[in-house]
Amino acid sequence: DKYLGTIRVLIGLMFLLTGVAKIIGLNGIGDFLGSLGFPAAMFFAWVLALSELIFGAALLVGYKVKYTAWPLVIVMATVIVLVILPKPSFGSAFFTPFFMHLVIAVALAHFAMNGSGCWAIDKKH
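It should be emphasised that the depicted structure is a prediction, and the values quoted were computed from it without experimental measurement.

Parameters at a glance
Residues numbered from 1 in each chain as written. Predicted model: local features only at pLDDT ≥ 70, side-chain atom pairs only at ≥ 80, totals over all residues. Heavy atoms only, no water. Salt bridge = Lys/Arg side-chain N within 4 Å of Asp/Glu carboxyl O. Helix = DSSP H or I, 4+ residues; strand = E, 2+ residues; numbered from the N terminus. Buried < 20%, exposed > 50% of the residue type's maximum accessible area, 1.4 Å probe, protein only. Polar contact = N/O pair within 3.5 Å; in protein donor to acceptor, adjacent residues only side chain to side chain. Contact = heavy atoms within 4.5 Å. Axes fitted to C-alpha atoms, helices over the stretch in contact; angles between N-to-C directions. Parallel < 35°, antiparallel > 145°, perpendicular 65-115°, else oblique. Left-handed = near helix turned anticlockwise from the far one by under 90°. Nonpolar A, V, L, I, M, F, W, Y, C, P; charged D, E, K, R; others polar.

J.: What is the right way to read the pattern of salt bridges from this model?
T.: Under the criterion given, the structure shown has one salt bridge. Between Lys22 and Glu52 there is a salt bridge, with the nearest N and O atoms lying 3.1 Å from each other. Note that Lys22 is positioned in helix 1 (residues 2–24) and Glu52 in helix 3 (residues 41–61), a separation of 30 residues in sequence. Of the residues examined, Lys22 reaches a relative accessible area of 18% and is grouped as buried. Residue class for Glu52 comes out buried when judged on its relative accessible area of 4%.

J.: Would you take a moment to explain the side chain of Glu52 for this structure?
T.: Of the polar contacts made by the side chain of Glu52, one reaches the side chain of Lys22; its length is 3.1 Å. Residues within four places of Glu52 in sequence aside, it is in contact with Phe15, Leu16, Thr18, Gly19, Lys22, Ala57, Leu72 and Val75.

J.: Help me understand the packing of helix 1 against helix 3 in this model?
T.: When two helices pack together, their arrangement is given by the angle between the helix axes and by the axis-to-axis distance. Closest axis-to-axis distance for the helix 1/helix 3 pair is 7 Å, and the angle between their directions is 155°. By the angle class used here, helix 1 and helix 3 are roughly antiparallel. Considering only the axes of helix 1 and helix 3, their crossing is left-handed. Between helix 1 and helix 3, the residues in contact are Arg8, Val9, Ile11, Gly12, Leu13, Phe15, Leu16, Thr18, Gly19, Val20, Lys22 and Ile23 and Leu48, Ala49, Leu50, Glu52, Leu53, Gly56, Ala57, Leu59, Leu60 and Val61, respectively. Looking at side-chain class alone, the contact of helix 1 with helix 3 contains 15 nonpolar, four polar and three charged residues.

Written out as structure tokens, the structure reads:
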């Protein structure tokens, strides 16, 4: 159980920090989303940055994880489908990000379905 708590804390910290970085570089995120064909790219840049920041913080502290992990699963799945899969190759440039995002999505889904593990402020596992 403490190992699962450690994984949750680390994944939450990762999203919290990438959310902060996205807010700092919001114009670049908007440009990137626009290059992927997102309509209203700056709106979705804000949605993405705030989702990673808010849900990452909730995951980090273990608050309502059964609900706050799902939006991050959607973020990971979206990255896989819209960014990684359109550029297939058979080297580490494809497999490393593909499996990294997949493993994070599966871990998040585990927390969403089974609870937060230890070190959570929300003790409802």
